[in-house]
Amino acid sequence: MNKLKKIVLIGNPNSGKTSLFNSLTGLNQSVGNYPGVTVDKKSGKFTHVNTSFEVIDLPGLYSIKPKSEDEKVAVQFLQESSAQSDTVLYVVDASNLKRSLLLCTQIMDKKCRVLVGLNMLDVAEDNGIIVDEDKLSEQFGISFVRLNSRASEGIEHLKKQLSQDQKEKEFLGFSNPNYTSSILKRYEKIDSILSASTIKTAKKGTLTKVIDKYAMHPILGYFIFLSILILMFQSIFSWSSYPTEWIETGFGALTHLLSNTLPNHFLTNLLLDGVLAGLAGIVVFVPQIAFLFFFIAILEDSGYMTRVSFILDKLMRQIGLNGRSVIPLMGGIACAIPAIMSARTISNKKERLLTILVTPLMTCSARIPVYILIISIIIPSETIGGVFNLQGLAMTGLYFIGIIVTILASLVFNKFIETDEHSSFIMDMPVYRMPRWKNIGFTILEKVKVFLVDAGKIIVAISIILWGLSSYGPIEKFNELKVRFEQGEIESSQYSSLKLENSYAGMMGKTLEPIIEPLGFNWKMGIALVTSFAAREVFVGTMATIYSVEDEENTTSIREKMMRETNANGEKVYTFAVGFSLLLFYAFAMQCMSTIAVVYRETKSWKWPAIQLVYMTGIAYLFSFIAFQLLR
Amino acid sequence: MNSAALTLDLLQKGTKASLQGFEDEVVEEKMLEMGCLPGSILEVERIAPLGDPIIINVSGSNLALRKDEARHIRITVIH
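Cut-offs used in this document
Residues numbered from 1 in each chain as written. Chains lettered and ligands numbered in written order. Predicted model: local features only at pLDDT ≥ 70, side-chain atom pairs only at ≥ 80, totals over all residues. Heavy atoms only, no water. Helix = DSSP H or I, 4+ residues; strand = E, 2+ residues; numbered from the N terminus. Rg over C-alpha atoms; globule rule 2.2 N^0.38 Å. Areas by Shrake-Rupley, 256 points an atom, 1.4 Å probe, with all protein chains shown as cover. Lys, Arg positive; Asp, Glu negative; His and termini not counted. Charge placed at Lys NZ, Arg CZ, Asp CG, Glu CD. Patch = residues over 30% accessible without salt bridge, like charges linked within 9 Å, V, L, I, M, F, W, Y side chains within 5 Å. Salt bridge = Lys/Arg side-chain N within 4 Å of Asp/Glu carboxyl O. Contact = heavy atoms within 4.5 Å. Buried area = accessible area lost by both parts, 1.4 Å probe. Polar contact = N/O pair within 3.5 Å; in protein donor to acceptor, adjacent residues only side chain to side chain. Nonpolar A, V, L, I, M, F, W, Y, C, P; charged D, E, K, R; others polar. Pairing = 2+ DSSP bridges. Phe/Tyr/Trp six-rings, centres within 6.5 Å; stacked < 30°, edge-to-face > 60°. Buried < 20%, exposed > 50% of the residue type's maximum accessible area, 1.4 Å probe, protein only. Lys NZ or Arg CZ within 6 Å of the ring centre and 35° of its normal. Axes fitted to C-alpha atoms, helices over the stretch in contact; angles between N-to-C directions. Expected span 1.5 Å × (residues − 1). Parallel < 35°, antiparallel > 145°, perpendicular 65-115°, else oblique. Left-handed = near helix turned anticlockwise from the far one by under 90°. Core = buried A, V, L, I, M, F, W, Y, C linked by side-chain atoms within 4.5 Å. pLDDT = per-residue confidence, 0-100.

When helices and strands are counted, chain A shows 28 helices and 12 strands. Relative to a compact globule of 632 residues, whose C-alpha radius of gyration would be 26 Å, chain A shows 28 Å and is just as compact. Projecting the C-alpha coordinates of chain A onto the three principal axes gives extents of approximately 95 × 60 × 50 Å. Of the roughly 27600 Å² that chain A leaves accessible, carbon and sulfur atoms contribute 61%. Across chain A, the 61 positively charged side chains and the 56 negatively charged ones have centroids separated by 8 Å.

Here we take up a nonpolar patch on the surface. Residues and elements named next belong to chain A. On the surface, a nonpolar cluster with roughly 780 Å² of combined accessible area is contributed by Leu226, Ile230, Phe400, Ile404, Ile407, Leu408, Leu411, Val412 and Phe416. The set of elements that each furnish at least two residues to the nonpolar patch consists of helix 9 (220–239) and helix 18 (390–416). It is helix 18 that provides the largest number of residues to the nonpolar patch, a total of seven residues. Within the element layout of this structure, Ile404 appears in helix 18.

Between chain A and chain B, the contact holds 39 residues from the first and 31 residues from the second. Here chain A packs against chain B, burying approximately 3200 Å² in sum over the two surfaces, 61% of which is carbon and sulfur. Viewed at the interface, chain B and chain A are joined by four salt bridges. Across the contact surface, chain A and chain B share 14 residue pairs in polar contact (both at pLDDT 80 or more). Counting residues per element, the ones that place at least two in the side of chain A that touches chain B are helix 3 (97–108), helix 7 (179–197), helix 8 (207–215), helix 13 (304–318) and strand 12 (427–429) of chain A. Ranked by residue count, the leading element in the side of chain A that touches chain B is helix 13 of chain A, at six residues. Residue classes in the side of chain A that touches chain B are distributed as 17 nonpolar, nine polar and 13 charged. Note: strand 12 of chain A against strand 5 (residues 61–65) of chain B, three bridges, orientation antiparallel. When the bridges of strand 5 of chain B are listed, Met427 of chain A appears paired with Ala64 of chain B.

Another aspect to go through is the packing of aromatic side chains. Residues and elements named next belong to chain A. Under the definition given, this model contains 15 aromatic pairs over all chains. Measuring from centroid to centroid gives 5.3 Å for Phe140 and Phe144, while their planes differ by 40 degrees, and the two rings are tilted. Of the two residues, Phe140 and Phe144, neither departs from the other in class, the shared state being buried. Three or more aromatic residues joined by ring pairs make a cluster, and in this case those are Trp239, Phe291, Phe294 and Phe295. The ring of Phe171 carries Lys189 above its face, with NZ or CZ at 4.5 Å from the centroid.

We now examine the sheet that holds strand 12 of chain A. With antiparallel pairing, the seven strands of this open sheet are ordered in space as 12(A)-5(B)-4(B)-3(B)-2(B)-6(B)-1(B). Edge positions in the sheet fall to strand 12 of chain A together with strand 1 (5–7) of chain B, since each of these pairs with one other strand and no more. Averaged over all pairs of adjacent strands, the angle between strand axes in this sheet comes to 45 degrees, irrespective of strand direction. Sitting on the sheet, helix 1 (residues 25–33) of chain B touches strand 2 (16–22), strand 4 (54–58), strand 5 and strand 6 (73–77) of chain B, and the angle it makes with strand 2 of chain B is about 125 degrees.

Turning next to the pairing of strand 1 (residues 3–11) of chain A. Residue and element names in this part refer to chain A. Taken together, the seven bridges between strand 1 and strand 4 (residues 51–57) define a ladder with parallel strand orientation. Bridged to Ile7 within strand 4 is Val55. Sheet topology places strand 1 next to strand 5 (residues 87–93); five bridges connect them, and they run parallel. Residue Val8 lies in a different strand from strand 5, and its bridge partner there is Val88.

Overall, the coordinates contain 22 salt bridges over all chains when judged by the stated rule. Among the salt bridges present, the one from Glu170 of chain A reaches Lys111 of chain A, with a minimum N-O distance of 3.1 Å. Within this pair, whereas Glu170 of chain A is found in the loop between helix 6 (155–163) and helix 7, its partner Lys111 of chain A is found in the loop between helix 3 and strand 6 (113–119), the two being separated by 59 residues in sequence. Take Lys111 of chain A: its relative accessible area is 44%, and that puts it in the partly exposed class. Of the charged contacts in the structure, one is a salt bridge between Arg66 of chain B and Asp313 of chain A, with a shortest N-O distance of 2.7 Å. Taken as a pair, Arg66 of chain B in the loop between strand 5 and helix 2 (67–70) and Asp313 of chain A in helix 13 lie in two separate chains rather than in one. By the burial criterion, Arg66 of chain B is buried, and Asp313 of chain A matches it. By sharing partners, the salt bridges in this structure join Asp313 and Arg317 of chain A together with Asp52 and Arg66 of chain B into a single network.

For the rest of this paragraph, the subject is helix 12 (residues 286–302) of chain A. All names here are of chain A. End to end, helix 12 covers 24 Å across 17 residues, agreeing with the expected 24 Å (1.5 Å per residue, within 8%). Of all 17 residues making up helix 12, 14 are buried, and the element is well covered by its neighbours. Looking at the residues trailing helix 12, positive phi occurs at Gly303, about 100 degrees.

Residues and elements named next belong to chain B. Counted residue by residue, strand 5 has five buried out of five residues, so it is predominantly covered. Every second residue of strand 5 is oriented toward a common face, with Ser61, Leu63 and Leu65 on one face and Asn62 and Ala64 on the other, all of them buried. As defined by bridge partners, strand 4 adjoins strand 5 across five bridges and the pair is classed as antiparallel. Bridged to Ile54 within strand 5 is Leu65. The turn linking strand 4 back onto strand 5 is made up of two residues, and Ser59 within it adopts a positive phi angle of 35 degrees.

With that settled, consider helix 28 (residues 607–631) of chain A. All names here are of chain A. Between the first and last C-alpha of helix 28 there are 36 Å, a value that for 25 residues agrees with the 36 Å anticipated at 1.5 Å per step. Listed in full, the buried residues belonging to helix 28 are Trp608, Pro609, Gln612, Tyr615, Met616, Ile619, Ala620, Ser624, Ala627 and Phe628. On its buried side, helix 28 packs onto helix 16 (349–358), helix 17 (367–378), helix 18, helix 26 (576–588) and helix 27 (593–603).

Following both chains from N to C, one finds helix 7 of chain A and helix 1 of chain B inclined at 20 degrees, their axes separated by 10 Å at the closest point. On the basis of the axis angle, helix 7 of chain A is roughly parallel to helix 1 of chain B. Every pair of crossing elements has a handedness; the one defined by helix 7 of chain A and helix 1 of chain B is left-handed. Each of Tyr179, Thr180, Ile183, Leu184 and Tyr187 of chain A in helix 7 of chain A lies in contact with helix 1 of chain B, whose residues at this interface are Glu28, Glu29, Leu32 and Glu33 of chain B.

With that settled, the discussion passes to the nonpolar core. Counting residues in each nonpolar core, the largest one holds 118 residues, and the members touching the most others are Phe310, Phe539, Met543 and Tyr574 of chain A. Here Met543 of chain A is in contact with Lys524, Met525, Ala528, Ile558, Met562 and Tyr574 of chain A, once residues within four sequence places are set aside. Grouped together as the second largest cluster of nonpolar side chains are 65 residues, Ile107 and Ile142 of chain A together with Phe22 and Leu42 of chain B included.

What follows is about the confidence of the model for chain B. On average, residues of chain B score 89 in pLDDT, and 95% of them are at 70 or above. For chain B, strand 1 of chain B is the element with the lowest average pLDDT, namely 87, and strand 6 of chain B is the one with the highest, namely 94.

Residue and element names in this part refer to chain A. Along the chain, the position of Ala461 falls in helix 19 (residues 437–471). Residue Ala461 is classed as partly exposed on the basis of its relative accessible area, which comes to 36%. In this structure, the C-alpha to C-alpha distance between Ala461 and Val275, residues 186 residues apart in sequence, is 8.1 Å.

The next point concerns the environment of Leu118 of chain A. Residues and elements named next belong to chain A. You can see Leu118 is positioned in strand 6. Along the primary structure Leu118 and Val145 are separated by 27 residues, whereas in three dimensions their C-alpha atoms are 5.9 Å apart. Those residues within four positions of Leu118 in sequence are excluded, and the remaining contacts are Val92, Leu97, Val131, Glu133, Leu136, Phe144, Val145, Arg146 and Leu147.

The structure is reproduced here in C-alpha cells:
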C-alpha cells in the first residue's frame, strides 16, 4: 500500500524554489486555473520507493508577516499545513544564508516540521562562503540537505530525506510580542550559529557587476531594453511563421481528406466547419505563444527583469505605477490573465489596481492572430531598407500604440483613484545567472497548455455555437431559399451566401451594423465582434467559419477568401481603411471575457471590470471611428 | 575619525556607511526582513539613471530601494 505525503515548498523569492519543484516533480505538475480558484496553487507529484508525494509550491516569502496578496496566500497555507503536520521543505539561498534563515526560524516557531534544502551553494562559494550542513543541522535541530537544483544534484538524497518524518523544533521557544525586536533576536541567534557553521574564503569577482554596468547605464540601459523588446517581437514574428504555416497546411490537408472520405451528413459538417475549423484557429497560434514565453522566461530567469523594474521605477511612478508593474505589463504582452494575477506582488493597493486596469491594453498574444490576419491582408510583405519587413513593422507599431495608450490610461486613472497608502520598492537584486533551460521549457509548456485547454475550450465551444448560428436560421426563410435554389432560381454559390445572410448569425451581425458602420465594419465583421467578445482570437475562427460555411470547398485559406471579398458594388471589402480601423478596435476593446472574470476576482468588485469594459471599448470605438473616417 | 550623521538618501555613491536606525516602521520591518540591521555596513552601489531608486550593498547582497524609503534610514558615514 502506497503512502501519500504532502510536501509544502517554501522559501525567499529567487531562492531557486521553482527549479527545485521542477526537478522533483518533472512533468507531473498542475496549476490551479484562474477561473474560480482564488489561490494560484501549483502542485506536482512524484514517487520515491513506495511513497507518493504531493508537492505544493507556494509563492516566495521573506517573512511570516505578509505584505502583499500572494504572500497572504502563502502564509495562510503554511498555517494549515502546520495543523496537518505536513513536511515543509524550506529552500535556502546559501549565498544569503542569514536573511534566508529568518523566515525558516519563523516557520519553525509555527510548529511546522521543517526540512531545509541548501540551494545556490555554487553562488555562495563564489561569494567566499563555505557551508557545513552537518553543523547547521546540529545547531538548528532540524535536517539540512545540500542540493543544487540547477544541476539536479542531490535530488535523490533529498527524496530519501523527504520519506522520513521530520522533527518539529522550536527556534526561539517563546513568542515576543514586538515583531521587530523578535526579528533582531532571531538574527542574533542565526548569526552565532552561522559563525560556527560557515567558513569564509576568498571572494571571486562576479560577472554581475560588469553586466549591471551596461544593463543599468543611463543611456545604454534603456537602449538595451528597447533593443531586446524589438528583437523579441521581430523574432517571434519571423520564427513562428514556419511552424504556423505547417500547422495551417496540416489542418487544410486534414479537412480536405475528411471532406472527401466522410459521408455528406450534418455531423460531418459539424466536425469540419465547427470543431476542426475552431481547433485549427487555436493550434495555429501555439508557435507564437511558445516563442513569446521563451523570451519572457529567459528575461525573468536570468535576473534581467529585476533590472528593468529598477531602471523604470521612477518613470512608472510618474504615471502612478510601480517599477514592479513592469512585470505584469510585460506579461500582458503574452496574456492579460496571468499578468493581472502577477500584479499581486505589488503591495501598494492603488498601484496594483492601476496596473490591473491598464494591463489589458498591452498587446496580448490573443491579438496576434487578429493582427496577423488583418496585416497580411492590408499590408504587403515587402522588405524596406534591406532589413525591416513591412508587416513586421506594422506589428511593432501596434505594440507601441498599445504601450502609449496604456501610459495615457494610467495617467488618467492616477488622477481619479485616491490613496493614503505608502508605496514600497525595497527588493533584492539577484545575481545574473544562465537561464535554466529546463525551467524555461516548463514555463512554455505550462503556458501553451493553459492556452490550449482554457482558451481552447471556449474557442471550440464558440466555434460550434457559431457554426450552428450560421448554418441555421428562421425555418420559413430557409425553406423559401431552398425552394428557390431547387427551382434553379439561384446558383449554388449564391445560395450558401444567402443562407448565411439569413442565418441567426447574420441577423445578429445586421442588428449591429448601424452601430459599427461608422467604423467601416459590415455585418460579417459584426458577427465576429460579438463572438470574439469571449476572446479576441475567436475573430479569426469566426471568419474561418463564416467563410467556410459560405464556400463548400475548404481548400483556400481564410486570408485569401477575405482578400477576395467584395461588396455589392464590386469593391474590395477589406481596404486599408477598414483593416486599420479593425486593428485599432482590437488593440483597445476589452474583447476578453476571461480578463473581466480575473479582474473581478482580483479586485473583488464588479465596479472595476465594468469601468474597464466601458473605458476600453470607448477608446476602441473612438480610435476606429477617427481612423476610418480619415482614411476612407 | 569624523563621522557625519545622515539619512541614506544623501549618501554618495561609493561611500561606506553604518546603519544607525529607522524613522519609519514600514521601512524598518521590510529592511530588517531583508537582512539590513542596525550596525550593518552598507554602500551605495548604484543610482538609477533617473536618479531614483538606488541600489545598496549590504553584506554582499544588493538591495534596491527608493529615495523616499532611504530618507527614513539613519546612517553615519565611515571614513
